[in-house]
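Next come the chains, spelled out residue by residue.
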Amino acid sequence: MANATPLVTLPKVQAHRGAKGVRPENTMASLREALDQGVHWTEFDVKLSKDGVPIIYHDQDLKRTSGIDELVKDYSFAELQDIEAGAWFEEKYRGEKIPSLEEFLLFHIEHDLHPNIELKPSDGEEEETSRRVVELLNKIWPKHLDKPLFSSFKLKSLEVVRDLAPDHPRGLLLYDDMTDWQENAKRLECSAIHLWHKMYTPELVKEIKQAGYATATYTVNDVDRGVELVAMGVESIITDFPGDMIAALK
């Protein structure tokens, strides 16, 4: 095998930021809905508050989901708790908060969900974000459960989790640039390649698998495309509409 890290068996479907298509992303409402739609794995984004608390949030700034044109990393966790995180999506979700990673993980443990933790650090916080996440997992993740998967576009973040948590599988996230992918995946001892779905061809799927890596793809919201990718050999579809994709792939 190309990689020394534990192999990972990916699910057919992962819920992207919860059930992002029908609930405000990266919130408890989105996570509960993903569970209701029948997923076993979720994919979500983690960065740090100003005071170093790992939180569930995608963007560098608060503008898109809260209307505040400032950086997430400039707000403490307590301050972030006062920020509206649901009403932007639909008025009936007013009152949704930005969750902590701890709250998200405790829900996963309680409901037997498996996390794909995308390390999405604010600029300059690649190492610290990974460190804080590993510390929290060491504290609360039950020893008898399968280890959460880490994924990231940030090579430095994956490097830190490789060194601090070598028994956790890692996924290298790629968009449309495949330069040095094998070299980076090998160096970071990755288990999987998570690639933008438009990049996949049957030949590339075969090449990645022959190199010893599992295959995942994002963000696939057209069920016909999902079926096509699975037929190509892609193992795991990350989608905003998990229930629809699960039904289509049965």
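These notes cover the structure that comes with them. All residue numbers refer to position in the chain's written sequence, counted from 1. In keeping with the model being predicted, local features are shown solely for residues with a pLDDT of at least 70 and side-chain atom pairs are shown and tallied solely at 80 or more, while totals for entire chains, interfaces and linings include all residues. Where side-chain values are given, they derive from all heavy atoms of the structure, hydrogens and water being excluded.

### Things to note about the packing of aromatic side chains
Link 1 in the chain: Pairing of aromatic side chains requires ring centres within 6.5 Å, counting the rings of Phe and Tyr and the six-membered ring of Trp. Pairs whose planes differ by under 30 degrees are stacked, by over 60 edge-to-face, and all others tilted. Counted by the stated rule, this structure contains 6 aromatic pairs.
Link 2 in the chain: Ring centres of Trp-88 and Phe-89 lie 5.6 Å apart, and the angle between their planes is 80°; this geometry places the pair in the edge-to-face category.
Link 3 in the chain: When the ring of Phe-89 is compared with that of Tyr-93, the centres are 6.1 Å apart and the planes differ by 55°; the resulting orientation is tilted.
Link 4 in the chain: With a relative accessible area of 11%, Tyr-93 lands in the buried category.
Link 5 in the chain: Taken together through their ring pairs, the aromatic side chains of Trp-88, Phe-89 and Tyr-93 make up a single cluster.
Link 6 in the chain: Directly above the ring of Trp-88 sits Arg-64, whose terminal nitrogen or CZ lies 5.8 Å from the centroid. Exposure is judged per residue with a 1.4 Å probe applied to protein chains only, and the accessible area is read against the type maximum: over 50% gives exposed, under 20% gives buried, and values in between give partly exposed. Note on criteria: charge over ring means Lys NZ or Arg CZ within 6 Å of the ring centre, with the direction from the centre no more than 35 degrees off the ring normal.

### Quick word on the nonpolar core
Link 1 in the chain: Residues Leu-105, Ile-117, Phe-150 and Ile-193 are the most contacted members of the largest nonpolar core, which totals 50 residues.
Link 2 in the chain: Element by element, the count of residues in this core is highest for helix α5 (residues 126–140), at 5 residues.
Link 3 in the chain: It only takes one pair of heavy atoms within 4.5 Å for two residues to be counted as in contact. Leave out the neighbours within four places in its chain, and Ile-117 touches Phe-44, Val-46, Leu-105, Val-133, Leu-137, Pro-148, Leu-149, Phe-150 and Ser-151. To define a nonpolar core, start from buried Ala, Val, Leu, Ile, Met, Phe, Trp, Tyr and Cys residues and group those joined through side-chain atoms within 4.5 Å. Helix and strand assignments come from DSSP, with helices taken as H or I runs of at least 4 residues and strands as E runs of at least 2, each series counted from the N terminus.

### A word on the environment of Leu-62
Link 1 in the chain: Following the sequence through the fold, Leu-62 ends up in strand β4 (residues 61–62).
Link 2 in the chain: Taking the relative accessible area as the measure of exposure, Leu-62 reaches 0% and is therefore buried.
Link 3 in the chain: Taking the C-alpha atoms as reference points, Leu-62 and Lys-73, 11 residues apart in sequence, are found 9.8 Å from one another.
Link 4 in the chain: Other than its neighbours up to four places away in sequence, Leu-62 contacts Tyr-57, Gly-67, Ile-68, Glu-70, Leu-71, Val-72, Tyr-75, Leu-80, Ile-83 and Ile-98.

### A word on the pattern of salt bridges
Link 1 in the chain: Any Lys or Arg side-chain nitrogen found within 4 Å of a carboxyl oxygen on Asp or Glu counts as a salt bridge. Scanning the entire structure with this criterion turns up 19 salt bridges.
Link 2 in the chain: Across the pair Glu-128 and Arg-131 runs a salt bridge, and its minimum N-O distance is 3.1 Å. Residue Glu-128 and its partner Arg-131 are both found in helix α5; the two are separated by 3 residues, about one turn of the helix.
Link 3 in the chain: Through salt bridges with shared partners, a single network forms among Arg-17, Glu-25, Asp-45, Asp-59 and Arg-64.

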